[in-house]
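Here are the chains, one letter per residue:
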Amino acid sequence: MENKALKMQLQCPMPKLDFEAITLGHGSGGLLTNKLLDSGVFDLLSNPVLDERHDGAIFNLEGKTAFSTDSFLVSPIFFPGGNIGELAVNGTVNDLAMCGASPKYLSLSFIIEEGFRVDEFWEILVSIKNACEEAGVQVVTGDTKVVEKGKGDKIFINTSGIGSIHPKANISTRNIKNGDKIIVSGTIANHGMAIMSLRENLEFESELESDTTCLNHTTIKLIEEFGEDIHILTDPTRGGVATVLKEIAVATNMGIDIFQKDLPMEEQVASACELLGLDPLYVANEGIFISFVAEEIADTFLASLQKDLKGTQAKIIGSVTEAHPKQVVLESIIGGKRIVNMLPGEQLPRIC
């Protein structure tokens, strides 16, 4: 994480400023606000739409459009594999990708606690810039507010995004059919356990890292190749794999069978879950997605996904069944079966 921060500092050195911490005045809309934005946000994220500095963004979009919004209050704000800035970009980009869209534009809003260090804010801004460039999106409008010390927790971020639906996409739970195969694009529980291991000061032979990344380039390639045979895409963030599968089972009145032996998971993540008494099925992810695809194309779809850098660990983990409607059933490694329900409460607070 330190090497990544150093690389960002070399690529985008922080400008010399006459203040070291954010004050209430930086959220006033006056001189200090403009000084803060001019010294960072507008320069780093510059593009023709944002450079207008208008009350909103004006742009053209063609065809069917997807829109999404998300708020981010992860604690700690810096963690192995990323920080709250890139998480805020990737999270909304991926929500649009799950709709079958190519994300185009984002809004970006900060709620900053008085006293927040400017060098940390700069590091977050640089991460946002890099995440936008990787995803191919532009920040075109935003807002900055500052709250009194003790009434926030360093920084909260909201992003909203808009993008054009791919003409071959038809993503809907209504398309899910008996026999559909369920494919997860990578190892599960990485993000949640990276956060929890940091909170609990757990140490392993290799550092647990968040999987936060953008998935839009991967999903668009798959949609281009397989079109309407991709019935649903979803990213298992808060609540993990178990929650999204249960939601889909209820929405479709279908049953879902999954198999523990097929769930891809890194060894140190499994160890961390065991140490903390957490079920990895409920742990948050920020860089994988789940696909429900037609049974006849499942193997070809999997092979294509595994050729992508963000899908090398993809696996078929289960299928849709007409048996046990609205229920998700997990078959354990030893052959036992159990019902997978939603969590009654919050397993991992402030995980994203």
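Here, every reference points to the structure presented above.
Scoring rules and cut-offs
- Residues numbered from 1 in each chain as written.
- Predicted model: local features only at pLDDT ≥ 70, side-chain atom pairs only at ≥ 80, totals over all residues.
- Heavy atoms only, no water.
- Pairing = 2+ DSSP bridges.
- Helix = DSSP H or I, 4+ residues; strand = E, 2+ residues; numbered from the N terminus.
- Axes fitted to C-alpha atoms, helices over the stretch in contact; angles between N-to-C directions.
- Contact = heavy atoms within 4.5 Å.
- Polar contact = N/O pair within 3.5 Å; in protein donor to acceptor, adjacent residues only side chain to side chain.
- Phe/Tyr/Trp six-rings, centres within 6.5 Å; stacked < 30°, edge-to-face > 60°.
- Buried < 20%, exposed > 50% of the residue type's maximum accessible area, 1.4 Å probe, protein only.
- Lys, Arg positive; Asp, Glu negative; His and termini not counted.
- Salt bridge = Lys/Arg side-chain N within 4 Å of Asp/Glu carboxyl O.
- Expected span 1.5 Å × (residues − 1).

A. Molecular detail of the sheet that holds strand S6 (residues 155-165). The four strands lie next to each other as S1-S6-S4-S5, forming an open sheet whose pairing is mixed. Two strands lie at the open edges of the sheet, namely strand S1 (65-72) and strand S5 (138-147), each paired on one side alone. Recorded for the sheet is a direction-independent mean angle of 15 degrees between the axes of neighbouring strands. Sheet topology note: the strand S4 (residues 101-113)/S5 ladder contains nine bridges and is parallel.

B. Local environment of the environment of lysine 326. Following the sequence through the fold, lysine 326 ends up in the loop between strand S11 (315-321) and strand S12 (328-331). Spatially, the C-alpha atom of lysine 326 lies 30 Å from that of serine 304, the residues being 22 residues apart in sequence. Leaving out residues up to four positions away in the same chain, lysine 326 has contacts with Lys246, Ala249, Val250, Asn253, Met254 and Gly255.

C. The arrangement of the environment of serine 185 in detail. Summarising the element assignment, serine 185 is placed in the loop between strand S7 (181-184) and helix H5 (190-199). Separated by 33 residues in sequence, serine 185 and glycine 152 place their C-alpha atoms 35 Å apart. Once residues within four sequence positions are removed from consideration, serine 185 is found in contact with Ile288, Phe289, Leu305, Lys310, Gly311, Gln313 and Ala314. A polar contact of 2.9 Å, which involves the side chain of serine 185, links it to the backbone nitrogen of phenylalanine 289.

D. Examining the packing of aromatic side chains more closely. Taken as a whole and assessed by the stated rule, the structure comprises three aromatic pairs. With a centroid separation of 4.3 Å and an interplanar angle of 35 degrees, the aromatic rings of phenylalanine 59 and tyrosine 105 are classed as tilted. Of this pair, phenylalanine 59 sits in the loop between helix H2 (31-44) and S1 while tyrosine 105 sits in strand S4, and the two are 46 residues apart along the sequence.

E. Molecular detail of the side chain of glutamate 113. Within the secondary structure, glutamate 113 is located in strand S4. We note that glutamate 113 is buried and unpaired, the nearest opposite charge coming from lysine 149 at a distance of 4.9 Å. Glutamate 113 has contacts with Ile22, Val146, Val147, Glu148, Lys149, Gly150, Lys151, Gly152, Asp153 and Lys154, leaving out every residue within four places of it along the chain.

F. The arrangement of the pairing of S12 in detail. Summarising the sheet, strand S9 (residues 255-259) and S12 pair through four bridges and their orientation is parallel. Note on S12: the bridge partner recorded for isoleucine 256 is valine 328. Inspection of the sheet shows S12 paired to strand S13 (residues 337-340) by four bridges, in the antiparallel sense. Among the inter-strand pairings, valine 329 is bridged to a residue of S13, identified as isoleucine 339. A loop of five residues connects S12 with S13, the two strands running antiparallel in sequence, and glycine 335 in this loop sits at a positive phi of about 100 degrees.

G. Structural context of the pattern of salt bridges. Per the counting criterion, the structure on display carries 11 salt bridges. Ionic pairing is found between glutamate 120 and arginine 117, a salt bridge with its closest N-O pair at 3.8 Å. In the salt-bridge network here, residues are joined through shared partners; they are Arg117, Asp119 and Glu120.

H. Seen up close, the sheet that holds S11. The strand order across the open sheet formed by seven strands is S8-S10-S7-S11-S9-S12-S13, and the pairing between neighbours is mixed. Two strands close off the open sheet at either side, each with one partner strand: strand S8 (230-234) and S13. Strand-to-strand twist of the sheet, defined as the mean angle between neighbouring strand axes without regard to direction, takes the value 25 degrees. Alignment of S8 against strand S10 (residues 290-293), held across four bridges, turns out to be antiparallel. By the bridge assignment, leucine 233 is partnered in S10 with serine 291. Set on the sheet, helix H9 (residues 298-306) makes contact with S7, S8, S10 and S11; between it and S7 the angle comes to about 10 degrees.

I. Up close: the environment of isoleucine 288. Locating isoleucine 288 in the fold gives a position in the loop between helix H8 (267-276) and S10. The class of isoleucine 288 is buried, set by a relative accessible area of 4%. Spatially, the C-alpha atom of isoleucine 288 lies 7.6 Å from that of isoleucine 188, the residues being 100 residues apart in sequence. The contacts of isoleucine 288, once residues within four sequence positions are left out, are Val184, Ser185, Gly186, Thr187, Ile188, Asp211, Leu215, Asp235 and Pro236.

J. View of helix H7 (residues 240-252). When the terminal C-alpha atoms of H7 are compared, their 19 Å separation across 13 residues agrees well with the 18 Å that a helix rising 1.5 Å per residue should span. Counting buried positions along H7 yields 10 of 13 residues, so the element is predominantly enclosed. Burial in H7 covers these residues: Gly240, Val241, Ala242, Thr243, Val244, Leu245, Lys246, Ile248, Ala249 and Thr252. Just beyond H7, the residue with positive phi is asparagine 253, at close to 60 degrees.

The analysis is restricted to geometry; functional conclusions fall outside its scope.
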